[in-house]
Amino acid sequence: MAVVIDGAEIARRVKERVASGVAELEKEKGVKACLSVILVGDDPASISYVTGKEKALAEAGMADRSVRLPADVSQEELLALIAELNEDDSVHGILVQLPLPGHIDSRKVIMAIKPEKDVDGFHPVNLGNMVIGSRSFIPCTPNGVVKLLKETGIQTDGARAVIVGRSNIVGKPLSILLSGRDCNSTVTLCHTGTRNLPEITRQADILVAAVGRPGVITADMVKPGAAVIDVGVNRVPDSSKKSGFRLTGDVDFEAVKEKASFITPVPKGVGPMTIAMLMYNTLEAACLAYGYDKVRF
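This report concerns the structure included in the present document. The shown structure was predicted, so the numbers you read here are calculated from the model rather than taken from an experiment.

### Considerations on the pattern of salt bridges
- What the rule picks out here adds up to 14 salt bridges.
- A salt bridge links Glu-16 to Arg-12, with the nearest nitrogen and oxygen atoms 3.1 Å apart. Taken together, the residues Glu-16 and Arg-12, both in helix α1 (residues 7–29) and four residues apart, mark about one turn of the helix.
- Given the relative accessible area of 49%, Glu-16 is considered partly exposed.
- A relative accessible area of 39% places Arg-12 in the partly exposed class.
- Across the pair Arg-68 and Glu-54 runs a salt bridge whose closest N-O atoms are separated by 3.1 Å. Within this pair, whereas Arg-68 is found in strand β4 (residues 67–69), its partner Glu-54 is found in helix α2 (residues 44–60), the two being separated by 14 residues in sequence.
- Connected via shared salt-bridge partners are Glu-9, Arg-12, Arg-13, Glu-16, Arg-17, Lys-147 and Glu-151.

### Considerations on the sheet that holds strand β9 (residues 227–230)
- The six strands are arranged β1-β12-β9-β8-β6-β7 in an open sheet whose pairing can be described as parallel. Every interior strand has two partners, whereas the edge strands, β1 (3–4) and β7 (186–190), have only one.
- Pairing geometry for strand β6 (residues 160–164) and β7, over five bridges, is parallel. If you follow Ile-163 over to β7, its bridge partner there is Leu-189.

### As for the side chain of Thr-156
- Along the polypeptide, Thr-156 turns up in the loop between α6 (140–152) and β6.
- Owing to a relative accessible area of 4%, Thr-156 belongs among the buried residues under this scheme.
- Contact partners of Thr-156, with chain neighbours within four places excluded, come to Leu-149, Lys-150, Asp-182, Cys-183, Asn-184, Ser-185 and Ile-206.

### Details of the nonpolar core
- One finds Val-18, Leu-35, Met-62, Leu-178, Ile-229, Val-231 and Met-279 to be the most contacted residues of the largest nonpolar core, which totals 55 residues.
- Counting residues per element, this core draws most heavily on helix α10 (residues 270–289), which supplies 12 residues.
- The contact partners of Val-231, leaving out residues within four places of it in the chain, are Thr-141, Val-145, Val-170, Val-208, Ala-209, Ala-210 and Val-270.
- By size, the runner-up hydrophobic cluster in this structure holds 18 residues, among which are Ala-2, Leu-197, Leu-207 and Ile-217.

### Notes on the packing of α6 against helix α7 (residues 171–179)
- Here α6 crosses α7 at 35°, and the two axes come no closer than 9 Å. Remark: the crossing between α6 and α7 carries right-handed chirality. Contacts between α6 and α7 pair Pro-142, Asn-143, Val-145, Val-146 and Leu-149 from the former with Pro-173, Leu-174, Leu-177 and Leu-178 from the latter.
- Of the residues in the contact of α6 with α7, the class split is eight nonpolar, one polar and no charged.

### Points about the pairing of strand β10 (residues 234–237)
- Here β10 shows one buried face, formed by Asn-234 and Val-236, and one open face, formed by Arg-235 and Pro-237.
- In this sheet, strand β11 (residues 245–248) lies alongside β10 in antiparallel orientation, the contact comprising four bridges. Bridge assignment links Pro-237 to a residue of β11, and that residue is Phe-245.

### Regarding a nonpolar patch on the surface
- A cluster of nonpolar residues, Tyr-49, Val-233 and Leu-247, forms a patch on the protein surface that exposes about 250 Å² of accessible area.
- Counting through the fold element by element, Val-233 comes out in the loop between β9 and β10.
- We classify Val-233 as partly exposed; its relative accessible area is 44%.

### Comments concerning α7
- By the burial criterion, the buried members of α7 are Gly-171, Pro-173, Leu-174, Ser-175, Leu-177 and Leu-178.
- Where α7 is buried, its residues touch α5 (124–132), α6, β6, β7 and β8 (206–209).

### Remarks on the environment of Pro-70
- Checked against the element boundaries, Pro-70 lands in the loop between β4 and α3 (75–86).
- What makes Pro-70 partly exposed here is its relative accessible area of 48%.
- With 179 residues separating them along the chain, Pro-70 and Gly-249 place their C-alpha atoms 30 Å apart.
- Contact partners of Pro-70, with chain neighbours within four places excluded, come to Val-40 and Gly-41.

### Brief notes about the packing of α1 against α10
- Remark: α1 packs on α10, axes separated minimally by 8 Å, with the N-to-C direction vectors making an angle of 15°. As the angle between them shows, α1 and α10 are arranged roughly parallel. Note on packing geometry: the crossing formed by α1 with α10 is left-handed. Counted together, Gly-7, Ala-8, Ile-10, Ala-11, Val-14, Lys-15, Val-18, Gly-21, Val-22 and Leu-25 of α1 and Pro-272, Met-273, Ala-276, Met-277, Met-279, Tyr-280, Leu-283, Ala-286 and Cys-287 of α10 form the full contact between these two elements.
- Its residues assigned to classes, the contact of α1 with α10 comprises 16 nonpolar, two polar and one charged.

Rules used throughout
Residues numbered from 1 in each chain as written. Predicted model: local features only at pLDDT ≥ 70, side-chain atom pairs only at ≥ 80, totals over all residues. Heavy atoms only, no water. Salt bridge = Lys/Arg side-chain N within 4 Å of Asp/Glu carboxyl O. Helix = DSSP H or I, 4+ residues; strand = E, 2+ residues; numbered from the N terminus. Buried < 20%, exposed > 50% of the residue type's maximum accessible area, 1.4 Å probe, protein only. Pairing = 2+ DSSP bridges. Contact = heavy atoms within 4.5 Å. Core = buried A, V, L, I, M, F, W, Y, C linked by side-chain atoms within 4.5 Å. Axes fitted to C-alpha atoms, helices over the stretch in contact; angles between N-to-C directions. Left-handed = near helix turned anticlockwise from the far one by under 90°. Nonpolar A, V, L, I, M, F, W, Y, C, P; charged D, E, K, R; others polar. Patch = residues over 30% accessible without salt bridge, like charges linked within 9 Å, V, L, I, M, F, W, Y side chains within 5 Å. Areas by Shrake-Rupley, 256 points an atom, 1.4 Å probe, with all protein chains shown as cover. Parallel < 35°, antiparallel > 145°, perpendicular 65-115°, else oblique.

Here it is in structure tokens:
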């Protein structure tokens with residue numbers, strides 16, 4: 001029976017340390033770390049994510065410069081807002097909630113954010129620096145996964161890690177982090193073109209599911225004693241719920257927990273860590289902006 005990793009509790013501890021760093025920075029430099037989250041449209045999932053980020057900002061004692069725009073806002077208007085925030089020294093981090101409406105080019109939006117304010121870690125400058133091991137803002141979900149592994153005491157050094165999913169947001173950056181010197185794992189990145197997927201996943205000491213399809217990882221795909229990290233968040237219709245749906249991951253949780261040594265639930269697994277690492281990146285951005293390098297953990 002697997003140990004269920006309490007991502008919410010680990011995230012709480014991370015955010016507690018961030019809040020201490022925010023207070024220290026304000027005391028020493030008179031600077032309040034500030035994040036601007038831009039939400040375009042009224043997608044329910046995006047609203048929920050942004051609300052969670054706004055709550056975390058308040059808990060950390062950070063300034064919140066969130067902006068909500070209508071779904072029909074033009075790309076030019078959005079880029080103009082980003083340009084304004086780029087030049088505002090009181091704003092240290094900028095995050096545009098994805099996905100964006102179809103008439104807006106997400107790549108242009110990401111490229112428009114100054115790398116030193118790109119606390120999502122999606123700008124090519126930050127991704128490139130991460131690849132070569134230079135200081136950068138690391139994408140929050142992959143960083144949260146690594147933090148979960150470290151805080152839980154799961155051995156990464158020499159481990160065989162298999163990631164199912166090659167997105168630019170999770171799979172690809174996580175493969176870089178896990179194969180880097182800090183984690184020192186041997187990584188296989190699987191995707192839709194992977195042959196004999198169960199044969200590969202059964203070799204994993206650490207198995208990460210980041211596909212976006214409910215229940216795609218079944219018990220027969222898991223090595224006994226593996227640590228299973230479920231990044232997926234899927235809305236499944238459920239008439240017994242007031243909302244009409246329930247959240248589930250990419251892993252068949254009930255079956256896999258009987259076989260794994262560690263497993264993350266959905267919700268309260270990786271999700272809270274994503275927000276915690278966003279708070280960390282925002283604090284880091286504020287510290288770098290003022291040359292204050294003492295807040296580290």
